[in-house]
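Tertiary structure, described
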There are 2 protein chains.
Amino acid sequence: MAIAWKNLDTLVSFEHLNTFKNKVNLREAMSGENGAKRVRRYQVPMAEGMVYNFAAKEVDDGVLAALGILAKEAQLVEKFEALYNGDIINTGEKRRVLHHLARKQQGEDVIVDGVNKRDFYLTQQKRAADFANKVHAGELVNEEGKTYNTVVQIGIGGSDLGPRAIYLALENWAKATGNLKMDAKFISNVDPDDAAAVLNAVDLSRSLFIVVTKSGTTLETLTNGQFVKDALEKANLDPTKHMLAVTSETSPLAKSDDYMEAIFMDDFIGGRFSSSSAVGGLVLSLAFGPEIFARILAGAAATDDLTKNEDILENPAMLDALIGLYERNVQGYPSTAILPYSQALNRFPAHLQQCDMESNGKSVNRFGEEVNYVTGPVIFGEPGTNGQHSFYQLLHQGTDMVPLQFIGFRNSQLGTDVVIEDSNSQQKLCANVVAQIVAFACGKDDEDNNKVFKGSRPSSIIIGDQLTPESMGALLAHYENKIMFQGFLWNVNSFDQEGVQLGKILAKKVLAHDTEGALKEYSDLMNI
Amino acid sequence: MAIAWKNLDTLVSFEHLNTFKNKVNLREAMSGENGAKRVRRYQVPMAEGMVYNFAAKEVDDGVLAALGILAKEAQLVEKFEALYNGDIINTGEKRRVLHHLARKQQGEDVIVDGVNKRDFYLTQQKRAADFANKVHAGELVNEEGKTYNTVVQIGIGGSDLGPRAIYLALENWAKATGNLKMDAKFISNVDPDDAAAVLNAVDLSRSLFIVVTKSGTTLETLTNGQFVKDALEKANLDPTKHMLAVTSETSPLAKSDDYMEAIFMDDFIGGRFSSSSAVGGLVLSLAFGPEIFARILAGAAATDDLTKNEDILENPAMLDALIGLYERNVQGYPSTAILPYSQALNRFPAHLQQCDMESNGKSVNRFGEEVNYVTGPVIFGEPGTNGQHSFYQLLHQGTDMVPLQFIGFRNSQLGTDVVIEDSNSQQKLCANVVAQIVAFACGKDDEDNNKVFKGSRPSSIIIGDQLTPESMGALLAHYENKIMFQGFLWNVNSFDQEGVQLGKILAKKVLAHDTEGALKEYSDLMNI
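So, here's what we can say about the structure. (Residues numbered from 1 in each chain as written. Chains lettered and ligands numbered in written order. Predicted model: local features only at pLDDT ≥ 70, side-chain atom pairs only at ≥ 80, totals over all residues. Heavy atoms only, no water.)

1. With respect to the overall build of chain A
What counts here: By definition, any uninterrupted DSSP run of H or I lasting at least four residues is a helix, any uninterrupted run of E lasting at least two residues is a strand, and each is numbered from the N terminus. Just to be clear, the radius of gyration here is over C-alpha atoms, and the globule rule we use is 2.2 Å times residues to the power 0.38. Each residue is assigned to one of three classes by its accessible area relative to the maximum for its type, calculated with a 1.4 Å probe on protein chains only: buried under 20%, partly exposed between the two thresholds, exposed over 50%. Contact criterion: two residues are considered in contact whenever any of their non-hydrogen atoms come within 4.5 Å of each other. The Shrake-Rupley method, run with a 1.4 Å probe sphere, supplies the accessible areas, and residue values consider only the shown protein chains as cover. Positive charges come from Lys and Arg, negative ones from Asp and Glu, while His and the chain ends are left out of the count. Taken as the charge centre is NZ of Lys, CZ of Arg, CG of Asp or CD of Glu, depending on the residue.
Within chain A one finds 19 helices and 15 strands. The C-alpha atoms of chain A give a radius of gyration of 24 Å, which matches the 24 Å a tight globule of 528 residues would have. With the principal axes as the frame, chain A shows a C-alpha extent of 70 × 60 × 55 Å. Relative to its 528 residues, chain A shows a buried fraction of 68%. Contacts in chain A between residues far apart in sequence, at least 24 positions, make up 75% of those at least 6 positions apart. A total accessible area of about 16700 Å² is found for chain A, and carbon and sulfur atoms account for 46% of it. Taking the average place of the 50 positive charges on the side chains of chain A and the average place of its 68 negative ones, the gap between the two points comes to 1 Å.

Written out as structure tokens, the structure is:
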């Protein structure tokens, strides 16, 4: 059947879904034996042995059926298929959307200008792997013949948040398993203190710096690249022994002699979806070795496989997307919190904040027509248990409803632990996430109103055995695919970001002193 | 005049304020010469030479006048006075609220059980300072006679976020100015990987560990304390040469022989407001020296002085609170972003997220009666320019309005910089924040709807010369006082946190295997 790109509010099934507003009294549903039944029933297997449990979401069989019908009418599976088969899904920029190809051939070959794109991504992966292997083997060394011990990624936005979150997620795991080949650091902010602080913390002579910018024109990244180059030269080091580029083949960086090596990306993988490409591949292959990066991709590919399933109960990314849509467009909740009970995932919410809000924070549909419904929510989050001692107060007793997404693992990464009051730390961590779900859902009565928990606050949890390269990759792809499906449902183009342009233009005016009115006054206040 | 604690919706002036909904067309107001005028006029001096500029907020002289009347009717200044004079403002826990006393005697002496509380806080500050001075002078050394080079704070929530944010804010400044006496690290999460990772990164034999828990019963902190103690013993180190406590005089820790030193706090300074007390004082005095900590307190005290002013145009914290209330309760915006254009402030939004959401995320008033209006908003944020390449898309073009609070400094901390395209990084950073304010307010038309910026998105900016101990202290107190005023306006008790209790109780049940229903099922899923 041909794909029809329709606004959410023109779908019959969405009108139907709206009749299910406030259908489930979550507090009641999650109490007693019925609650136990929900926990057992309302879960869907994810890739890599993980599980998506949505028992504590405001759904029942009726809502789920309505969501399934919506998924069909919105042709979610067909749209995903069109995407991985190379259709021009990014309508604004007239581009294909091919990040799934970086991990696996999901459908037909995608040939662009005579190039098989899967081959292209594989070639770049292999080039990054070969380079990393040579560094690790001591075949590539610095001016003095010494090996490199640190890799620094210089990028911003999509070239920073995803790779950084993944590195931090696996750094300790890699240490514990003997897979940490090099330390990785990240420079992103144009604030000169960011780069200066990182440079203060590394041995320049033994560091590799990757300048990551697709266009080769991202001002922050070029500036920080130059900042680093200056520092190398001041230290009498040869930049071509220390600087790498990840960029497109047509970028000025690709042709420059300044770089020891350049690995290529293309226009069909957007920044915030680029962790699977050379953007994540080079830095993660250097830090952990190419085999570990391949395991991350394998986890992501396994998620993508599931994402093709038509049945929403066999497609956790789609189900998650649909429940999120129900919360946003039917229940009317304006934000969503991502709460990983794993310190290693401490920057994963920041990555998802970008991935989600930059993709679906749009007011016009794919055809540039204004939509009459709300789209992407505000996304925020911090790791638990930390958040429990912070903003959870509002989540439990505030006046607004904030849907929650927990993530938890049965086992820690390092295995070092301590027993206090008959339980170890990992057990306490797990006990806390379990306790929170039930506290949010079931609440508690009290004579003192100040101690009343109304409950009925919806949450889901993704449960895994341990945070490993595979489960990290699976998590990454789960959220990428969830966001993609929500974009399909809202009928927006999730793959452009015109909203970032105006600020860039005005910043250039300010720097050129081509200002008037408020812009000039603010510039004066900041002494620019 | 006696203080009347009244709900917001019972105030005549709030009814009046509601007639000003959508009063200002911000896009129009900020365009052309009128916009320039607003930038010049709509600013208020803050402490330490900083400025609060609210030209790009949706206010005009009419709205400001209405806010001024509201401030009077709500008796904001009188309530602050009652607070610093020692009234029982924390009604839930029947406690005084005295964090301002840790920086300066603002009003009358506060005597509790014969103890002058200002003297008490000063005594503890002096004890922390003396201890730090002895460590720095090499009078206190480890088992082998070596000096200590690292201090690790073990705390969670209020014992972690504020001190951590301040340490990170000033770490590079301290390096550049020769004031970094010891590195500081932080362990908070009960996730054992958090503590293990920190311990892997320090030289145990030369580290001091501060266990920070007021009650001496915070499970996460005790667990991490024990984790560290085990590690010390395994390394054949004497815990009493490495472990310190910050706790109340009545806590089990205060009487324990396990600690080299114990500095005291009391019940009248809540966790999220405790950065000025020994909770922040000991770790920051060890890291930077007591003189630097005193300068932070001086900046905070200068803000507190301004906070006593009746005129809202001479009281930036009050004005900020009132504008926030207008955005939340009149305009109906559900969240607020804090966007510091300073990498050093990268964890300041997380601190404010706690301080704000835990204080004012309440549904009942000071008397335990449910309120009929929304209270604390969701708070989130990341440093610029990073956020520009991430979630700003939604802020510019999403379907929801998110009020913004920028923070910017004219000068960097380290002074190391690089010139690209005729400007240095700090100029680019400043140009970007200026550009964003105007882009959000004024927007841009375009034939292509996808490139349209509707503008009228409100923001304010706090501008300072440089992020120093004084300006850091002033910023901290600004937000603390803003949050306090908003609590007064909403008539909630901003100083308790009953919403964190239920989760603790249920977590204990899980660990004791005293579970049934959903709680048992989830526990099984997590293998607890």
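2. A few points about the sheet that holds strand S2 (residues 51-53) of chain A
Residues and elements named next belong to chain A. What counts, and what does not: By the convention used here, strands pair only if DSSP detects at least 2 bridges between them. To define axes, lines are fitted to C-alpha atoms, for helices over the stretch in contact only, and angles between the resulting N-to-C directions are given on a 0 to 180 degree scale.
Here we have six strands laid out as an open sheet, ordered S1-S2-S15-S12-S10-S11, and mixed in their pairing. The strands lining the two open edges of the sheet, one partner per strand, are strand S1 (43-45) and strand S11 (378-380). Within this sheet the neighbouring strands show an average axis-to-axis angle of 15°, counted without direction. Alignment of strand S12 (residues 404-409) against strand S15 (residues 459-464), held across six bridges, turns out to be parallel. Across the sheet, the residue bridging to Gln 405 is Ser 460, located in S15.

3. A look at the relation of the copies chain B and chain A
Here is the rule we go by: A residue counts toward the fit only if its pLDDT is at least 70 in both copies, and the copies are then superposed by least squares on the C-alpha atoms of those residues.
By a simple turn and slide, chain B fits onto chain A: the slide is 0.0 Å along the axis, the RMSD is 0.0 Å, and the turn is 180°. Here the copies are linked by what is in effect a two-fold axis. Relative to the rotation axis, the C-alpha of Phe 380 of chain B is the closest in chain B, positioned 3.2 Å from it. Interface overlap between copies is the fraction of interface residues in one copy that are interface residues in the other; for chain B against chain A it reaches 100%, indicating a shared surface.

4. Observations concerning the packing of helix H5 (residues 76-84) of chain B against helix H17 (residues 469-490) of chain B
Residue and element names in this part refer to chain B. Here is the rule we go by: What sets the label is the angle itself: under 35 degrees gives roughly parallel, over 145 gives roughly antiparallel, 65 to 115 gives roughly perpendicular, and the rest give oblique. Handedness of each helix crossing follows the sense of rotation of the near helix against the far helix: counterclockwise by less than a right angle gives left-handed, clockwise gives right-handed. Put simply, Ala, Val, Leu, Ile, Met, Phe, Trp, Tyr, Cys and Pro go in the nonpolar bin, Asp, Glu, Lys and Arg in the charged bin, and everything else, Gly too, in the polar bin.
The geometry of H5 relative to H17 is characterised by a closest axis approach of 10 Å and an angle of 115° between their N-to-C directions. In terms of orientation, H5 lies roughly perpendicular with respect to H17. Our pair here, H5 against H17, has a crossing hand that is right-handed. The residues of H17 that touch H5, namely those facing Leu 76, Lys 79, Phe 80 and Leu 83, are Met 484, Phe 485, Phe 488 and Leu 489. Broken down by class, the residue content of the contact of H5 with H17 amounts to seven nonpolar, no polar and one charged.

5. Things to note about the environment of Gln 105 of chain B
Residues and elements named next belong to chain B. Turning to its location among the elements, Gln 105 is positioned in the loop between H5 and strand S3 (111-112). In this structure Gln 105 comes out as partly exposed when scored by relative accessible area, which is 24%. Linking Gln 105 and Phe 367, residues 262 residues apart in sequence, is a C-alpha distance of 29 Å. Not counting the four nearest positions on each side in its chain, Gln 105 is found in contact with Val 110 and Arg 118.

6. Concerning helix H14 (residues 348-360) of chain A
Just so we agree on the cut-off: Helix span is expected to be 1.5 Å times the residue number reduced by one.
Spanning 13 residues, H14 of chain A covers 18 Å between terminal C-alpha atoms, matching the ideal 18 Å at 1.5 Å per step. The buried fraction of H14 of chain A amounts to 13 of the 13 residues, a majority that puts the element mostly inside the structure.

7. Quick look at the sheet that holds strand S7 (residues 207-212) of chain B
Residues and elements named next belong to chain B. Strand order in the open sheet formed by five strands is S6-S5-S7-S8-S9, and the pairing between neighbours is parallel. Strands at the two margins of the open sheet, each flanked by one partner only, are strand S6 (183-187) and strand S9 (261-265). Adjacent strand axes in the sheet meet at a mean angle of 20° when their direction is disregarded. The pairing of strand S8 (residues 243-248) with S9 spans five bridges and is parallel. Looking at S9, one finds that Ser 248 is bridged to Met 265. Its contacts with the sheet put helix H7 (residues 161-176) on strand S5 (150-154) and S6, and the angle it makes with S6 is roughly 150°.

8. Things to note about the interface of chain B and chain A
Rule in force here: By definition, the buried area sums, over both parts, the 1.4 Å-probe accessible area that each loses when the two are put together. What makes a salt bridge here is a side-chain nitrogen of Lys or Arg within 4 Å of a carboxyl oxygen of Asp or Glu, nothing more. Any pair of nitrogen or oxygen atoms within 3.5 Å is treated as a polar contact; in protein, a donor-acceptor pairing is required on top of that, and neighbouring residues in sequence qualify only through side-chain atoms on both sides.
Facing the 136 residues of chain B at the interface are 136 residues of chain A. For the pair chain B and chain A, the two sides together bury roughly 11400 Å², of which 64% comes from carbon and sulfur. Summed over the shared surface of chain B and chain A, the result is eight salt bridges. For Asp 400 of chain B, the salt bridge identified is with Arg 328 of chain A, shortest N-O distance 3.1 Å. At the surface where chain B touches chain A, the tally comes to 49 residue pairs in polar contact (both at pLDDT 80 or more). In terms of residues, the side of chain B that touches chain A owes the most to one element, helix H16 (residues 425-442) of chain B, which gives 15 residues. Of the residues assigned to the side of chain B that touches chain A, the class counts are 56 nonpolar, 56 polar and 24 charged.

9. A closer look at the packing of helix H19 (residues 517-525) of chain A against helix H3 (residues 32-41) of chain B
Following both chains from N to C, one finds H19 of chain A and H3 of chain B inclined at 25°, their axes separated by 6 Å at the closest point. With respect to each other, H19 of chain A and H3 of chain B are oriented roughly parallel. Of the residues in H3 of chain B, those in contact with Gly 517, Ala 518, Glu 521, Tyr 522 and Leu 525 of chain A of H19 of chain A are Gly 32, Gly 35, Ala 36, Val 39 and Arg 40 of chain B. Tallied by class, the residues present in the contact of H19 of chain A with H3 of chain B amount to five nonpolar, three polar and two charged.

10. Some thoughts on a negative patch on the surface
As a reminder of what qualifies: Residues enter patches when their relative accessible area tops 30% and they take part in no salt bridge; the joining distance is 9 Å for like charges and 5 Å for the nonpolar side chains Val, Leu, Ile, Met, Phe, Trp and Tyr.
A grouping of Glu 81, Asp 87, Glu 108, Asp 109 and Asp 119 of chain A is seen on the molecular surface, where their side chains present a negatively charged patch. Relative to the helices and strands, Asp 109 of chain A is located in the loop between helix H5 (76-84) and strand S3 (111-112).

11. A closer look at the state of the cysteines
We apply this condition: The disulfide criterion is simple: two cysteine sulfur atoms within 2.5 Å.
Here the structure, examined in full by the defined rule, presents zero disulfides over all chains. Residue Cys 442 of chain B stays outside any disulfide, its sulfur separated by 19 Å from that of Cys 430 of chain B, the closest cysteine.

12. Structural notes on the packing of aromatic side chains
Rules: Here a pair means two rings of Phe, Tyr or Trp (six-membered ring of Trp) with centres within 6.5 Å. Their orientation is stacked below 30 degrees between planes, edge-to-face above 60, and tilted elsewhere.
Going through the model one piece at a time under the given rule, you end up with 32 aromatic pairs over all chains. Ring geometry for Trp 5 of chain A and Phe 488 of chain A: centres 5.7 Å apart, planes at 65°, overall edge-to-face. Residue Trp 5 of chain A is located in the segment before helix H1 (12-18), and its partner Phe 488 of chain A is located in helix H17 (residues 469-490); the two are separated by 483 residues in the primary sequence. Ring plane angle 40° and centroid distance 6.3 Å describe the contact between Phe 406 of chain B and Phe 440 of chain B, whose orientation is recorded as tilted. Here Phe 406 of chain B, found in strand S12 (residues 404-409), pairs with Phe 440 of chain B, found in helix H16; they are 34 residues apart in sequence, far enough to count as distant.

Such coordinate-based values are descriptive only and should not be taken to indicate function.
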